[in-house]
Amino acid sequence: MSDVRNEPNQATVPGPSLEEVLNNENVWAAWKAVKANDGAPGVDGMDVQKTAEHLRKHGQEIWEKVRQGTYIPGAILAVEIPKANGGTRKLGIPNVQDRLIQQALHQVLSLRWEPLFSNSSYGFRPNRSAHDAIRRAQEIVMSGRIWVVDIDLKSFFDEVNHDILMRELRKEVTDKRILKLIGRYLTAPMVEKDGTRTKRTKGVPQGGPLSPLLANIYLTPLDQELEKRQLPFTRYADDVAIYAGSRRAAERILSDIVEWIETKLKIPVNRDKSKSGKSDDTAYLGVTIHSDGKMEVETKRLERMKAEVRRLWDARQNLTSEQLRGQWRKYATGWWNYFQIATQRRNVADTAGWIRRHIRKCFWIRWHSDAGRRKALIALGITGKMLQWAKTSRGAWCMAKSQLMHTALSNKTMDKYGLIVPWSV
């Protein structure tokens, strides 16, 4: 990576200073944000509370090192999390102290860049959301641009070119101490699960407060290029969709923009996944936008939701009924909060009965024995001959559809106990 100390600054107007970053009010606001976010400890093993104690003892020394440009960030902790489309994504988690410094940087730098960002960029920005991006995409499609160019940036956060990023930063940042500090964060080593340290020469690891802002700064030249070409588009982080009025135009845009990205941004494009097609046959941020403006949940997202239902209502989990209910409510509520933007909901509504059957199946299995089932059924108000079914040899999936279980765990009863399916209400 270019040494920022020997590179001329390009900014014509004085940019943010390190003094602004280290201002007491800014640091205190950053600490409140980090504390509210909580999160796991980094490589040093110190959580928010231990970090607070450490800062009380050594804070003056730490801030002086940052001010003098001698501060060395800690290594980042590699953590793998499941991706929505399968597989895993590697995050790089800084320790809490570095999250504080990054947050303080973010608060100051974002004020400088926010007015410069494209109106078609929606990810990681204040007062903007994925829903806003989807609604804007809907407007474009309804205007007649029904052909969508879907650009898939391959492992974007892992492929960010440090030289290009620092060049973009120098356009607005004149304080070389800030550039030097960011450069050190970019190259901080990553500690893998087995303890090995990996040197980093590219990439902006997801997991730190500064990474989303740096990602938007890096992709701003792409936004500017699309605007210069007068192409309607929406971008949410590295999820880019460009719209055209014909197949031919869409194919030309796909070819040209892929070449531009790989040449100018040095980011590999996944050519197998990048494609053009009608909006009716594609999805943006998990939502298919039809040419008439109606929106429905993408089939792939429904299948992933069903897989999560099977996992969350697996009776073999060593969880109490309260814990089962709690984890389901958290997932289902979050899922519906996002996908209720869909206006065409039949495919979602059709899953409600199937989900309740999985819940009934789970409880039938967890009641274990004939005696356990009889006891549970009586507690749920079952009397008389129906109790004979407690001794049935039929399988759990079959019993989950039976009149017995529909009576014992009726939709009303399930709602009463918090076993909700939000999209069926």
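Let us look at the structure shown here. (Residues numbered from 1 in each chain as written. Predicted model: local features only at pLDDT ≥ 70, side-chain atom pairs only at ≥ 80, totals over all residues. Heavy atoms only, no water.)

**Some thoughts on the overall build of the protein**
Spelled out, the test is: Strands here are runs of E lasting at least two residues and helices are runs of H or I lasting at least four, both read from the DSSP assignment and numbered beginning at the N terminus. With a 1.4 Å probe rolled over the protein chains alone, any residue whose accessible area is under 20% of its type maximum counts as buried; one over 50% counts as exposed, and the rest are partly exposed. In this description, contact between two residues means that some pair of their heavy atoms is separated by no more than 4.5 Å. Method for areas: the Shrake-Rupley scheme with a 1.4 Å probe, in which residue coverage is limited to the protein chains shown. For the purpose of counting charges, residues Lys and Arg are taken to be positive, whereas Asp and Glu are taken to be negative. His and the chain ends are not included. By convention, the charge on Lys lies at NZ, on Arg at CZ, on Asp at CG and on Glu at CD.
Check the secondary structure of the protein and you find 18 helices and ten strands. In terms of overall dimensions, the protein has a C-alpha envelope of 85 × 65 × 35 Å along the principal axes. Relative to its 425 residues, the protein shows a buried fraction of 49%. Here the analysis covers contacts within the protein between residues at least 6 apart in sequence; of these, 74% occur between residues at least 24 apart. Here the protein displays about 21800 Å² of accessible surface, and carbon together with sulfur accounts for 48% of that area. For the protein, the separation between the mean place of its 70 positive charges and that of its 48 negative charges on side chains is 8 Å.

**Focus on the sheet that holds strand β3 (residues 147-152)**
In sheet architecture, strand pairing relies on hydrogen bonds along the backbone and comes in two forms, parallel and antiparallel. Rules: Two strands pair under a simple rule: DSSP has to find at least two bridges between them. The axes used here are C-alpha line fits, helices contributing only the stretch in contact, and every angle between their N-to-C directions lies in the interval 0 to 180 degrees.
Read across the open sheet, the four strands follow the order β6-β7-β3-β8; overall the sheet is antiparallel. With partners counted over all chains shown, the strands left at the sheet margins are β6 (233-236) and β8 (275-278), one partner each. Each neighbouring strand pair of the sheet contributes to a mean axis angle of 20°, computed without reference to strand direction. Note: β3 against strand β7 (residues 239-244), six bridges, orientation antiparallel. Residue pairing across strands places Asp152 opposite Asp239, the latter belonging to β7. Sitting on the sheet, helix α5 (residues 130-142) is in contact with β6 and β7, with an inclination near 165° to β6. Along the sheet face, helix α9 (residues 211-228) touches β6 and β7 and points at about 175° away from the line of β6.

**Observations regarding the sheet that holds strand β1 (residues 76-82)**
Pairing in this open sheet of four strands is mixed, and the strands run β2-β1-β4-β5 from one edge to the other. Single-partner strands in this sheet number two, and they are β2 (88-93) and β5 (197-198).

**Side note on the nonpolar core**
Note the threshold: The set of buried Ala, Val, Leu, Ile, Met, Phe, Trp, Tyr and Cys residues whose side-chain atoms join them within 4.5 Å is what this entry labels a nonpolar core.
The biggest cluster of nonpolar side chains holds 67 residues, and the ones touching the most others in it are Ile151, Ile242 and Ile261. When residues of this core are assigned to their parent elements, the largest contribution, nine residues, is made by helix α10 (residues 247-265). With near-sequence residues (within four places) excluded, Ile151 lies in contact with Asp238, Val240, Ile242, Leu254, Ile257, Val258, Ile261, Val269 and Ser274. Residues Val148, Tyr284, Leu285 and Trp335 belong to the second largest nonpolar core, which totals 53 residues.

**Considering the state of the cysteines**
Put plainly, two cysteines are in a disulfide when a covalent bond ties their sulfur atoms together. Our working rule: Cysteine sulfur atoms that pair up within 2.5 Å are treated as a disulfide.
Considering all chains together, one arrives at zero disulfides under this definition. Of the cysteine sulfurs around Cys362, a residue in no disulfide, the closest is that of Cys398, at 17 Å. The exposure class of Cys362 is buried, given its relative accessible area of 1%. The class for Cys398 is partly exposed, based on a relative accessible area of 39%.

**Notes on the packing of aromatic side chains**
In plain terms, the rule: Here is the rule: rings of Phe, Tyr and Trp (six-membered ring for Trp) pair when centre to centre is within 6.5 Å. Planes less than 30 degrees apart are stacked, more than 60 are edge-to-face, and the remainder are tilted. Only Lys NZ and Arg CZ are tested; either one counts as a charge over a ring when it is within 6 Å of the ring centre and within 35 degrees of the ring normal.
On inspection of all chains with the given rule, the structure shows eleven aromatic pairs. Summarising the aromatic geometry, the rings of Phe124 and Tyr236 are spaced 6.4 Å apart at their centres and angled 45° between planes, so their arrangement reads as tilted. Taken together, the residues span a long stretch of sequence, with Phe124 in the loop between α4 (96-113) and α5 and Tyr236 in strand β6 at a distance of 112 residues. Judged by its relative accessible area of 24%, Tyr236 is partly exposed. Taken together, the ring pairs in this structure connect Trp335, Trp336, Tyr338, Phe339 and Trp423 into an aromatic cluster. The residue whose ring lies beneath Arg128 is Tyr122, and the NZ or CZ to ring-centre distance is 4.8 Å. Sitting over the ring of Trp354, Lys306 keeps its end group 5.6 Å from the ring centre.

**Let's talk about unusual backbone geometry**
Backbone geometry at Asp38 places phi at a positive 55°, although glycine is not the residue there. As for its placement among the helices and strands, Asp38 is situated in the loop between α2 (24-37) and α3 (48-68). Of note in this structure, Lys266 is not a glycine but carries a positive phi near 60°. Note that Lys266 resides in the loop between α10 and β8.

**Description of the pairing of β1**
As paired elements, β1 and strand β4 (residues 190-191) share two bridges and run parallel to each other. Its bridge partner lying in β4, Leu77 is registered against Val191. Here β1 pairs with β2 via six bridges, running antiparallel. Considered in β2, the bridge of Val79 is made with Leu91.

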